[in-house]
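Chain residues, written in single-letter form:
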Amino acid sequence: MEGTVFAPAIEGMKHVKSEEGEMLAMPFLDVCKLILPVIDKFGAAMALVKSDIGGNITRLENKYLSNPSEFHFLYSMVRVEIEAKTSKDSSSCTNGLLWLTRAMDFLVGLFRDLLEHPDWTMSQACTDSYSKTLKKWHGWLASSTFTLAMKLAPERKKFMDVVGGTGDIDLDIEKFCTTFSPLLEENHKFLASVGMDDLKAS
(Lines give C-alpha, C1' and ligand atoms only; values in the text may rest on other atoms or scores of the structure.)
Protein backbone atom coordinates (compact mmCIF):
# COMPACT_ATOMS: atom_id res chain seq x y z
CA MET A 1 0.00 0.00 0.00
CA GLU A 2 1.34 3.39 -1.01
CA GLY A 3 1.46 5.72 1.99
CA THR A 4 -0.81 5.28 5.01
CA VAL A 5 -4.50 4.41 5.12
CA PHE A 6 -5.11 8.08 5.99
CA ALA A 7 -3.45 9.51 2.87
CA PRO A 8 -6.54 9.48 0.54
CA ALA A 9 -8.73 11.19 3.15
CA ILE A 10 -6.08 13.86 3.82
CA GLU A 11 -5.87 14.51 0.08
CA GLY A 12 -9.66 14.68 -0.18
CA MET A 13 -9.90 17.30 2.58
CA LYS A 14 -8.25 19.83 0.26
CA HIS A 15 -11.38 19.80 -1.89
CA VAL A 16 -14.25 19.96 0.60
CA LYS A 17 -14.79 23.70 0.36
CA SER A 18 -15.83 25.97 -2.47
CA GLU A 19 -13.68 28.99 -3.37
CA GLU A 20 -16.05 31.04 -1.21
CA GLY A 21 -15.38 28.72 1.72
CA GLU A 22 -18.70 26.83 1.73
CA MET A 23 -18.75 23.15 2.65
CA LEU A 24 -19.45 21.07 -0.47
CA ALA A 25 -21.77 18.09 -0.02
CA MET A 26 -20.17 15.31 -2.06
CA PRO A 27 -16.50 16.12 -1.36
CA PHE A 28 -17.23 16.14 2.39
CA LEU A 29 -19.08 12.81 2.17
CA ASP A 30 -16.27 11.39 0.02
CA VAL A 31 -13.75 12.21 2.76
CA CYS A 32 -15.96 10.41 5.30
CA LYS A 33 -16.14 7.42 2.94
CA LEU A 34 -12.35 7.38 2.67
CA ILE A 35 -12.18 6.96 6.45
CA LEU A 36 -14.20 3.72 6.32
CA PRO A 37 -11.13 1.62 5.32
CA VAL A 38 -9.37 2.95 8.43
CA ILE A 39 -12.33 1.83 10.58
CA ASP A 40 -12.24 -1.58 8.88
CA LYS A 41 -8.82 -2.18 10.40
CA PHE A 42 -10.40 -2.17 13.87
CA GLY A 43 -12.41 -5.26 13.01
CA ALA A 44 -15.37 -6.19 15.25
CA ALA A 45 -14.70 -3.39 17.77
CA MET A 46 -15.86 -0.77 15.28
CA ALA A 47 -18.55 -2.71 13.40
CA LEU A 48 -21.25 -0.61 15.08
CA VAL A 49 -19.50 2.69 14.37
CA LYS A 50 -18.89 1.70 10.76
CA SER A 51 -22.50 0.77 10.05
CA ASP A 52 -23.66 3.99 11.71
CA ILE A 53 -21.27 6.14 9.67
CA GLY A 54 -22.06 4.23 6.47
CA GLY A 55 -25.81 4.64 7.01
CA ASN A 56 -25.52 8.39 7.58
CA ILE A 57 -23.28 8.86 4.53
CA THR A 58 -25.82 6.96 2.38
CA ARG A 59 -28.72 9.04 3.73
CA LEU A 60 -26.97 12.32 2.92
CA GLU A 61 -25.70 11.05 -0.42
CA ASN A 62 -29.21 9.99 -1.50
CA LYS A 63 -30.50 13.46 -0.63
CA TYR A 64 -27.71 15.02 -2.66
CA LEU A 65 -28.41 12.75 -5.64
CA SER A 66 -32.11 13.66 -5.54
CA ASN A 67 -31.14 17.20 -6.61
CA PRO A 68 -27.38 17.77 -7.05
CA SER A 69 -27.72 21.46 -7.95
CA GLU A 70 -29.97 22.28 -4.98
CA PHE A 71 -27.81 20.26 -2.56
CA HIS A 72 -24.41 21.21 -3.95
CA PHE A 73 -23.60 22.71 -0.54
CA LEU A 74 -23.78 20.41 2.47
CA TYR A 75 -25.78 22.73 4.73
CA SER A 76 -28.52 23.29 2.13
CA MET A 77 -29.85 19.82 3.04
CA VAL A 78 -30.32 21.00 6.61
CA ARG A 79 -31.81 24.39 5.68
CA VAL A 80 -34.50 22.70 3.58
CA GLU A 81 -35.47 20.48 6.53
CA ILE A 82 -35.45 23.39 8.99
CA GLU A 83 -37.91 25.24 6.73
CA ALA A 84 -40.07 22.13 6.36
CA LYS A 85 -39.87 21.50 10.14
CA THR A 86 -38.63 17.94 9.53
CA SER A 87 -35.07 18.44 10.85
CA LYS A 88 -35.80 16.68 14.16
CA ASP A 89 -37.11 13.49 12.52
CA SER A 90 -34.88 10.53 13.26
CA SER A 91 -34.50 9.85 9.51
CA SER A 92 -33.65 13.46 8.62
CA CYS A 93 -30.43 14.54 6.91
CA THR A 94 -29.92 17.02 9.74
CA ASN A 95 -29.83 14.10 12.18
CA GLY A 96 -27.59 12.19 9.75
CA LEU A 97 -25.09 15.06 9.52
CA LEU A 98 -25.10 15.53 13.31
CA TRP A 99 -24.33 11.87 14.08
CA LEU A 100 -21.84 11.58 11.22
CA THR A 101 -19.97 14.59 12.60
CA ARG A 102 -20.05 13.17 16.13
CA ALA A 103 -18.72 9.80 14.96
CA MET A 104 -15.89 11.62 13.17
CA ASP A 105 -15.19 13.60 16.38
CA PHE A 106 -14.79 10.26 18.14
CA LEU A 107 -12.32 8.99 15.52
CA VAL A 108 -10.28 12.20 15.55
CA GLY A 109 -10.15 12.02 19.37
CA LEU A 110 -9.12 8.38 19.25
CA PHE A 111 -6.27 8.99 16.79
CA ARG A 112 -5.15 12.04 18.73
CA ASP A 113 -5.02 9.88 21.88
CA LEU A 114 -2.92 7.27 20.07
CA LEU A 115 -0.51 10.00 19.03
CA GLU A 116 -0.27 11.74 22.40
CA HIS A 117 -0.24 8.61 24.60
CA PRO A 118 2.18 6.09 23.11
CA ASP A 119 1.85 3.94 26.23
CA TRP A 120 -1.95 3.58 26.04
CA THR A 121 -3.61 0.41 24.79
CA MET A 122 -6.10 0.68 21.96
CA SER A 123 -8.98 0.04 24.38
CA GLN A 124 -7.80 2.90 26.62
CA ALA A 125 -7.67 5.31 23.67
CA CYS A 126 -11.11 4.19 22.45
CA THR A 127 -12.68 4.56 25.89
CA ASP A 128 -11.10 7.96 26.52
CA SER A 129 -12.24 9.39 23.19
CA TYR A 130 -15.70 7.87 23.58
CA SER A 131 -16.15 9.49 27.00
CA LYS A 132 -15.12 12.90 25.57
CA THR A 133 -17.26 12.73 22.43
CA LEU A 134 -20.16 10.33 21.89
CA LYS A 135 -20.93 9.19 25.42
CA LYS A 136 -22.89 12.23 26.57
CA TRP A 137 -25.22 11.90 23.56
CA HIS A 138 -25.83 8.17 23.91
CA GLY A 139 -28.53 6.52 26.00
CA TRP A 140 -27.75 3.67 28.37
CA LEU A 141 -28.19 0.93 25.76
CA ALA A 142 -25.94 2.50 23.11
CA SER A 143 -23.37 3.31 25.77
CA SER A 144 -23.28 -0.27 27.11
CA THR A 145 -23.07 -1.76 23.63
CA PHE A 146 -20.24 0.59 22.74
CA THR A 147 -18.29 -0.09 25.91
CA LEU A 148 -18.57 -3.82 25.29
CA ALA A 149 -17.41 -3.46 21.67
CA MET A 150 -14.32 -1.49 22.76
CA LYS A 151 -13.10 -4.58 24.58
CA LEU A 152 -12.63 -6.16 21.14
CA ALA A 153 -10.24 -3.42 20.00
CA PRO A 154 -7.15 -4.79 18.24
CA GLU A 155 -3.68 -4.75 19.72
CA ARG A 156 -2.20 -1.28 19.25
CA LYS A 157 1.06 -2.14 17.52
CA LYS A 158 -0.59 -4.51 15.09
CA PHE A 159 -3.17 -1.84 14.20
CA MET A 160 -0.51 0.86 13.67
CA ASP A 161 1.51 -1.47 11.41
CA VAL A 162 -1.55 -2.23 9.30
CA VAL A 163 -2.67 1.39 8.88
CA GLY A 164 0.87 2.69 8.42
CA GLY A 165 1.59 0.98 5.10
CA THR A 166 4.66 2.57 3.57
CA GLY A 167 4.00 6.05 4.96
CA ASP A 168 4.84 8.01 8.10
CA ILE A 169 1.87 7.05 10.30
CA ASP A 170 2.45 9.61 13.07
CA LEU A 171 2.75 12.43 10.57
CA ASP A 172 -0.41 11.39 8.72
CA ILE A 173 -2.43 10.97 11.93
CA GLU A 174 -1.33 14.46 12.96
CA LYS A 175 -2.30 15.87 9.53
CA PHE A 176 -5.61 14.02 9.59
CA CYS A 177 -6.55 15.35 13.04
CA THR A 178 -5.46 18.95 12.48
CA THR A 179 -7.07 19.23 9.04
CA PHE A 180 -10.33 17.45 9.85
CA SER A 181 -11.05 19.00 13.28
CA PRO A 182 -11.83 22.53 11.99
CA LEU A 183 -14.20 21.09 9.35
CA LEU A 184 -16.08 19.12 12.00
CA GLU A 185 -16.12 22.20 14.24
CA GLU A 186 -17.70 24.15 11.38
CA ASN A 187 -20.46 21.53 11.10
CA HIS A 188 -21.14 21.86 14.83
CA LYS A 189 -21.25 25.66 14.61
CA PHE A 190 -23.71 25.52 11.75
CA LEU A 191 -25.90 22.91 13.48
CA ALA A 192 -25.81 24.98 16.69
CA SER A 193 -26.89 28.07 14.73
CA VAL A 194 -30.09 26.24 13.74
CA GLY A 195 -30.58 24.74 17.22
CA MET A 196 -29.71 21.19 16.20
CA ASP A 197 -26.32 20.50 17.81
CA ASP A 198 -27.51 19.08 21.12
CA LEU A 199 -29.92 16.30 20.18
CA LYS A 200 -29.53 13.10 22.17
CA ALA A 201 -30.03 9.57 20.96
CA SER A 202 -33.57 8.39 21.59
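What comes next concerns the included structure. (Residues numbered from 1 in each chain as written. Predicted model: local features only at pLDDT ≥ 70, side-chain atom pairs only at ≥ 80, totals over all residues. Heavy atoms only, no water.)

### Comments concerning the overall build of the chain
If you tally the helices and strands in the chain, you get 9 helices and 0 strands. Along the chain, helices (α) and strands (β) appear in the sequence α-α-α-α-α-α-α-α-α when read from the amino end. Its C-alpha radius of gyration of 17 Å places the chain within 12% of the 17 Å reference for a compact globule of 202 residues. For the chain, the proportion of its 202 residues judged to be buried stands at 49%. Taking the contacts inside the chain whose residues are at least 6 apart along the sequence as the reference set, 74% of them involve residues at least 24 apart. In the form shown here, the chain has an accessible surface area of approximately 9,800 Å², with 57% of it arising from carbon and sulfur atoms. Seen as two clouds, the 22 positive and the 28 negative side-chain charges of the chain have centres 6 Å apart. (Helix = DSSP H or I, 4+ residues; strand = E, 2+ residues; numbered from the N terminus. Rg over C-alpha atoms; globule rule 2.2 N^0.38 Å. Buried < 20%, exposed > 50% of the residue type's maximum accessible area, 1.4 Å probe, protein only. Contact = heavy atoms within 4.5 Å. Areas by Shrake-Rupley, 256 points an atom, 1.4 Å probe, with all protein chains shown as cover. Lys, Arg positive; Asp, Glu negative; His and termini not counted. Charge placed at Lys NZ, Arg CZ, Asp CG, Glu CD.)

### Details of the nonpolar core
The biggest cluster of nonpolar side chains holds 67 residues, and the ones touching the most others in it are F28, I53, F106, F111, F176 and F180. Per element, the largest residue contribution to this core is 13 residues, and it comes from helix α5 (residues 93–116). When residues no more than four places from it in sequence are discounted, the contact partners of F106 are M46, V49, C126, S129, Y130, T133, L134, F146 and M150. (Core = buried A, V, L, I, M, F, W, Y, C linked by side-chain atoms within 4.5 Å.)

### As for the environment of L100
For L100, the position within the fold is in helix α5. Linking L100 and G55, residues 45 residues apart in sequence, is a C-alpha distance of 9.0 Å. Those residues in contact with L100 that lie beyond four places of it in its chain are F28, L29, C32, I53, N56, I57 and L60.

### Quick word on the packing of aromatic side chains
One pass over the structure, following the stated rule, counts 11 aromatic pairs. Each ring, one from F42 and one from F111, has its centre 6.2 Å from the other, and the planes form 45°; the classification is tilted. Linking F42 in the loop between α2 (25–40) and α3 (47–66) with F111 in helix α5, this pair joins segments that are 69 residues apart in sequence. Here the two residues F42 and F111 agree in accessibility, since each one is buried. Aromatic pair Y130 and F146: ring centres 4.0 Å apart, planes at 10°, arrangement stacked. (Phe/Tyr/Trp six-rings, centres within 6.5 Å; stacked < 30°, edge-to-face > 60°.)

### Observations concerning helix α4 (residues 74–84)
Considered for burial, the residues of α4 that qualify are L74, Y75, S76, M77, V78 and E81. Against α2, α3, α5 and α9 (169–193) lie the buried residues of α4. A positive phi of about 60° marks K85, the residue just after α4.

### Looking at the layout of surface pockets
Put simply, the second largest pocket is a space of about 220 Å³. Lining of the second largest pocket is provided by 13 residues; of these, D105, K132, T133, E185 and H188 occupy positions nearest its centre. If you list the elements that add at least two residues to the lining of the second largest pocket, you get α5 and α9. At 4 residues, the largest contribution of residues to the lining of the second largest pocket is made by α9. (1 Å grid on protein atoms, 1.4 Å probe; cavity = no way out; pocket = protein on both sides within 12 Å on 5 of 7 lines; lining within 4 Å. Points joined across faces, edges and corners; volume = space filled by probe spheres on them.)

### Here we look at α3
Look at α3: 28 Å from first C-alpha to last across 20 residues, which is about the 28 Å you get at 1.5 Å a residue. Looking at α3, one finds that the buried residues are V49, I53, G54, N56, I57, L60, E61 and Y64. Considered in projection along α3, the buried side chains sweep an arc of 170° and stay on one side of the axis. Facing away from the buried side of α3 by more than 90 degrees, the exposed set consists of L65 and S66. Residues of α3 that are buried in the fold lie against α2, α4, α5 and α7 (140–150). (Expected span 1.5 Å × (residues − 1). Arc of directions from axis to C-beta.)

### Describing unusual backbone geometry
Phi is positive for K85, close to 60°, though the residue is something other than glycine. Mapped onto the secondary structure, K85 falls in the loop between α4 and α5. On the basis of relative accessibility, which here comes to 73%, the residue K85 falls in the exposed class.

Remember, this is a structural readout, not a statement about activity or role.
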